[in-house]
Amino acid sequence: MNSDRRPYNQLTPVPFYQVDISDDFWSKRQEVNRKVAIYHQYNQLEKDHHIENFRIAAGIKEGTQVGEFYFDSDLYKWLEAASYILHLNDDEDLRIKINEIVNLIIKAQMDDGYLNTFYSTKFSEKRFTNLFFMHELYCGGHLIQAAIAHYEATGSRKLLAAAEKFADLIVDIFLTKNKKEAPGHQEIELALIELYRISGNSNYLNLSKDFLDRRGKSANSIRYILTKNSNMKSTMKMAKEINQEINIKHPRGIEDEVKNFYSDLTFLENIKFTIGVINGTTFQVNTPIRDIVDPLGHAVRATYMYSAIADLYSETGEVILLEVLNKIWQKIVKAKMYITGGIGSIKGIEGLEKDFKLKKEKSYSETCAAIGNLMWNWRMLQITADCKYADLIEKLIYNAMLVGQSIDGKSFTYSNPLISNGYEERKEWFLCPCCPPNFARIIASIGKFIFSLGDNSIWLHQYIGSTADLKLNNNSIKINQVSGFPWNGNVKVTMQLEKNQKFSFFLRIPNWSYYPKLFINELEYENELTPGKYIEIIRNWTDNDIIEIEFGIVPKFVENVFKRKDTRGFVSIQNGPIIYCLEQKDNNSFDIFKMKISKDQELEVEFNASLLGGINVIHGKTVNSLEFKAIPYYSWNNRGADKMQVWLKT
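Residues numbered from 1 in each chain as written. Predicted model: local features only at pLDDT ≥ 70, side-chain atom pairs only at ≥ 80, totals over all residues. Heavy atoms only, no water.

A. Representation of the overall build of the protein in the model. The secondary structure content of the protein amounts to 17 helices and 23 strands. In terms of C-alpha radius of gyration, the protein reaches 24 Å, essentially the compact-globule figure of 26 Å for 650 residues. Expressed as a percentage of its 650 residues, the buried residues of the protein come to 61%. For the protein, long-range pairs separated by at least 24 residues make up 71% of all intrachain contacts whose partners lie at least 6 apart in sequence. (Helix = DSSP H or I, 4+ residues; strand = E, 2+ residues; numbered from the N terminus. Rg over C-alpha atoms; globule rule 2.2 N^0.38 Å. Buried < 20%, exposed > 50% of the residue type's maximum accessible area, 1.4 Å probe, protein only. Contact = heavy atoms within 4.5 Å.)

B. Structural view of the environment of Lys240. Within the fold, Lys240 resides in helix α10 (residues 222-245). Separated by 29 residues in the primary sequence, Lys240 and Phe211 place their C-alpha atoms 31 Å from one another.

C. Here's a closer look at the sheet that holds strand β8 (residues 466-472). The antiparallel open sheet is built from seven strands, whose spatial order is β2-β8-β9-β10-β15-β12-β13. Across the chains shown, the open sheet's two edge strands, defined by having one partner strand only, are β2 (19-21) and β13 (523-524). Alignment of strand β10 (residues 490-497) against strand β15 (residues 546-552), held across five bridges, turns out to be antiparallel. Bridging from a neighbouring strand, Asn490 pairs with Glu550 of β15. (Pairing = 2+ DSSP bridges.)

D. Expanded view of a nonpolar patch on the surface. Together, Phe267, Leu268, Ile271 and Ile275 make up an exposed nonpolar region whose accessible area comes to about 420 Å². Within the fold, Leu268 resides in helix α12 (residues 267-278). (Patch = residues over 30% accessible without salt bridge, like charges linked within 9 Å, V, L, I, M, F, W, Y side chains within 5 Å. Areas by Shrake-Rupley, 256 points an atom, 1.4 Å probe, with all protein chains shown as cover. Salt bridge = Lys/Arg side-chain N within 4 Å of Asp/Glu carboxyl O.)

E. Focus on helix α13 (residues 299-316). An ideal rise of 1.5 Å per residue puts 26 Å on 18 residues; α13 measures up with 25 Å between its terminal C-alpha atoms. Across the 18 residues that make up α13, a large majority, 17, are buried. Remark: Gly317 follows α13 within two positions and exhibits a positive phi of approximately 70°. (Expected span 1.5 Å × (residues − 1).)

F. Inspection of the pattern of salt bridges at higher detail. The final tally for this structure, using the stated rule, is 39 salt bridges. Its salt-bridge partner being Glu315, residue Arg6 comes within 2.7 Å of it at the nearest N-O pair. Here the residue Arg6 occupies a position in the segment before β1 (12-13), and Glu315 occupies one in helix α13, the gap between them amounting to 309 residues. Since its relative accessible area comes to 10%, Glu315 is described here as buried. When salt bridges with common partners are traced through the structure, they connect Arg6, Glu194, Arg197, Asp311, Glu315 and Arg379 into a single cluster.

G. How the structure looks around the packing of aromatic side chains. This structure, assessed with the given rule, holds 39 aromatic pairs. Between Trp487 and Phe607, the aromatic rings sit 6.2 Å apart at their centres with planes inclined by 55°, giving tilted as the arrangement. Taken together, the residues Trp487 in the loop between β9 (475-483) and β10 and Phe607 in strand β19 (residues 604-608) connect sequence positions 120 residues apart. Of the aromatic side chains, those joined through ring pairs into one cluster are Phe25, Trp26, Tyr398, Trp487, Phe607 and Tyr634. The ring centre of Phe25 lies 3.8 Å from the NZ or CZ of Arg29, which sits over that ring. Between Arg157 and the ring centre of Tyr151, over which it is positioned, the NZ or CZ distance is 5.5 Å. (Phe/Tyr/Trp six-rings, centres within 6.5 Å; stacked < 30°, edge-to-face > 60°. Lys NZ or Arg CZ within 6 Å of the ring centre and 35° of its normal.)

H. Representation of the sheet that holds strand β11 (residues 501-509). Pairing within the open sheet is mixed, and its five strands lie in the order β1-β6-β7-β11-β14. Two strands lie at the open edges of the sheet, namely β1 and β14 (533-541), each paired on one side alone. In the packing of helix α16 (residues 387-400) onto the sheet, contacts are made with β11 and β14, and the angle to β11 comes to roughly 55°. (Axes fitted to C-alpha atoms, helices over the stretch in contact; angles between N-to-C directions.)

I. Summary view of the side chain of Arg441. Mapped onto the elements, Arg441 comes out in helix α17 (residues 435-444). Residue Arg441 is classed as buried on the basis of its relative accessible area of 4%. A polar side-chain atom of Arg441 sits 2.8 Å from a polar atom in the side chain of Glu80. Apart from residues no more than four positions distant in its own chain, Arg441 is found in contact with Lys77, Glu80, Ala81, Tyr84, His142, Gln145, Tyr304 and Met375. (Polar contact = N/O pair within 3.5 Å; in protein donor to acceptor, adjacent residues only side chain to side chain.)

J. How the structure looks around helix α2 (residues 50-57). A large share of α2 lies buried, amounting to seven of its eight residues. Buried within α2 we find His50, Ile51, Glu52, Asn53, Phe54, Arg55 and Ile56. Buried positions along α2 lie against α1 (24-47), α3 (71-88), α4 (92-108) and α5 (117-120). Of the residues one or two after α2, Gly59 is the one with positive phi, at around 85°.

Everything listed is a geometric property; what it means functionally is a separate question.
Take a look at the structure:
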């Protein structure tokens, strides 16, 4: 994304490619992402026909598209992640794979700019006849984001030109011809604004606004939804018949996996699913965006939409948009979010339920929803410079998001429960593989969450060991950060300045920090450091100035919010930014579901370098004086399926 300050933002984000990650924790994850996960995902995309679909659409192979109608989007997300990796690392093998896919996409594009292998290889005459269910614009949005990432990584405009050609087509169809359907899965809206920012073409901004404004209008009525549902069924039946005619099947057996998902739903979940679809709540089309009071529906769709609304505010300054986002944020954080930062408690719609409906047994918490929430909060942070968004970003990256990929980078989770009877297993791939490449693009670009620039100010949001090359008022400033996060709270920041400069340096004081201390050139800073706030240090900074911070990390029990009935009488464990859980294999002397603990005890911390990639283990006692051992939530299910729980009975 273009890093220039947006008109109505307080801050300007520092791009990830200006930040070199060096700490032990995140550099390991970036290395696994670069050396293992991105290639594993490529192989799965090849195996599952995602790449082959483009060869067919490009005319290189004969046949027809195989797989679900949204399959193109997963390859686009992989390409975005791979482009981020290439931006930071000169990897010739990855470059070859990227070039292959970019060339396939360009060859698969139709003359008028249309790109979607499901329709173009089967029945191009049906394209754009069902925006509500069929994900053409969702796929198109990920095409745009991949094209921007590829352009910024390589300097080549060829994929960006293809994305602009697609965007120009949908501008012509949907902005100028008064076709007023709303996209069923939000994504194109935020992608169009990103394309506007890099191209300057205001048509893309206008179409994004128009798509958002369509939600809650007559075109989203129950009659409309039922008609589009019928259209989807007939389209999928026709697609199946076409595949049968040429005797081609998906290697993974997609139909069985789809049936299994819906057959696993309870009677009540099926009812909620049906109601959510019919009344449009699942797709957030039941209410105009400026009238939203209660955030409901599919959690990924919702957070992508909130991200787009935030971007729209950043460009237009329409105050009511920010007011609505603030209300939504308060609702989600106070009444619809799990202790890990995960959201989504209804499996059937993968989404948000009414306030305080957060049973620990029902935590769906899709990995993509955590990523969508991360994207939204990052935007809100740039708009407002409010510390609460940076605090939540920290919670998300270390917990609800990080749990989504195994430590070795070869298996993944789609949903993330807070309690497990031992049946959940990480999988190397999914029918709907949206989460793995989504995870890959966040890890590859994690550096963008660390710094922002303000008016004559530098803002440090996340304490991730790194070196950043910044420009402030034409002065070159290099900031080196050495961080013990998340295992200890010691941070050392060294500044190297081309010339001395007076400016404000804002440092986040995490909301969990315990008696934090700050030193500048070994002299203790005497002003109060308030957890959950930024501290502003104004001074004439000189070359090799050093800031040292001690954020006290103390393991503590976190009690349930009173209105959440399901966890009354339970506590969870937090140590710094990390939420902990108990896995049965670490606690063989008792059944973790039958144990009780006293919250009036001091917990002990031990760093174990040989366990789960190196973690802080928390030790405590049950009421029967048996020792229990807790591990970071993100690290569970890395040693095979096992019983697990986050909330502990007192």
